[in-house]
Amino acid sequence: MIHRNTHLSPQPATLPIQARSPINRCNLPSVILGSLTFQLKPAPLYIDGVLELHRQLFVALDNLVEPEVRALHFRQYMCSAFLLDHADLAGADPRYQRLKRHKADYLRLLRGWMFNADGVEAAVLKRWVESRFGLLPRNHGGALRDYEGERYAAYMADVSRGLYNANALEAQLDLLYTFCQYELQRRFPEQEHWLLYRGVNRIEAHEVLDQGENDLCRLLLNNLNSFSSDREMSGAFGDIILETQVPGAKLLYFPGLLPNILQGEQEFLVIGGVYQALLSR
């Protein structure tokens, strides 16, 4: 259950204007889906046109019972829809194939994020969240506050390197997110929130919007974050543990979504915004 406390300020915890874009590509504006209200009372999020464009995939998934079989069918569909095994047919420039950018796909982005949340693959993922949900990145190799500064320019350079000569990576992520939401409904139809943990150091370096008694706080998370369902494991990544209830609609990836792929990775990829969390040591 989400902590509904009376010790934080009564000011509405809306998404600050500097953390949102007025334009996105889903059914709710960023100011709503990034707010505390959305965390408390979430609604389904749909990226424009994905279900309509890939309707045949989800019709086929409806007829498959086992999650492992659905995951295999999803991976095969991705290979077919995006010609992942035929970069030449997808239009990859053969002059740059020595750079292996044509081999970048949604799985490499996930692996890259789990290896380095400030790397090139992570920049592409954060840019995708910004484009689809209107949530601006708040950190990439350091705080992103000045959108004309060197650090933001370095972030955009990472985005450009990640997308250059690649095969519709953002469209692949659209379908990955939609498949994740489909699987959450199939596997856990009654579960609206997930109790997750994140280890951090120096909470003062994070964007804490309000802090009340009993270690409850409201904070603005980066537009994409790693969390764990294992409290002890999250404690290995920081002296302070953030405990929060994450709406299923804000999950891009959960452990077991793609069985036998990304083995050993127990990270949840959580879309950001304003969250109410409990701090503990």
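Keep in mind that what you see is a predicted model, and the values were worked out from it rather than measured. (Residues numbered from 1 in each chain as written. Predicted model: local features only at pLDDT ≥ 70, side-chain atom pairs only at ≥ 80, totals over all residues. Heavy atoms only, no water.)

Draft legend 1. Broad picture of helix α9 (residues 169-187). Helix length check: α9 (19 residues) gives 26 Å between terminal C-alpha atoms against 27 Å at 1.5 Å per residue, within 8%. Most of α9 sits out of view: 14 of its 19 residues are buried. (Helix = DSSP H or I, 4+ residues; strand = E, 2+ residues; numbered from the N terminus. Expected span 1.5 Å × (residues − 1). Buried < 20%, exposed > 50% of the residue type's maximum accessible area, 1.4 Å probe, protein only.)

Draft legend 2. Here's a closer look at unusual backbone geometry. Positive phi is not limited to glycine here, since Leu 83 has a value of about 50°. Tracing the sequence through the fold places Leu 83 in the loop between α5 (67-81) and α6 (106-115). Phi is positive for Asn 165, which is not a glycine, with a value near 55°. Inspection of the secondary structure puts Asn 165 in the loop between α8 (150-163) and α9. Using a relative accessible area of 16% as the deciding quantity, one classes Asn 165 as buried.

Draft legend 3. Fine view of the pattern of salt bridges. Considering all chains together, one arrives at eight salt bridges under this definition. Put simply, Arg 70 and Glu 183 hold a salt bridge, and the shortest N to O gap is 2.6 Å. One end of the pair, Arg 70, is in helix α5; the other, Glu 183, is in helix α9, with 113 residues separating them in the sequence. A salt bridge links Asp 158 to Arg 161; the nearest nitrogen and oxygen atoms lie 2.4 Å apart. In this pair, Asp 158 and Arg 161 both sit in helix α8, three residues apart, roughly one turn of the helix. Accessibility expressed as a relative area gives 11% for Asp 158, which makes it buried. On the basis of relative accessible area, Arg 161 is assigned to the partly exposed category, the value being 47%. Through salt bridges with shared partners, a single ionic network connects Arg 70, Glu 183 and Arg 187. (Salt bridge = Lys/Arg side-chain N within 4 Å of Asp/Glu carboxyl O.)

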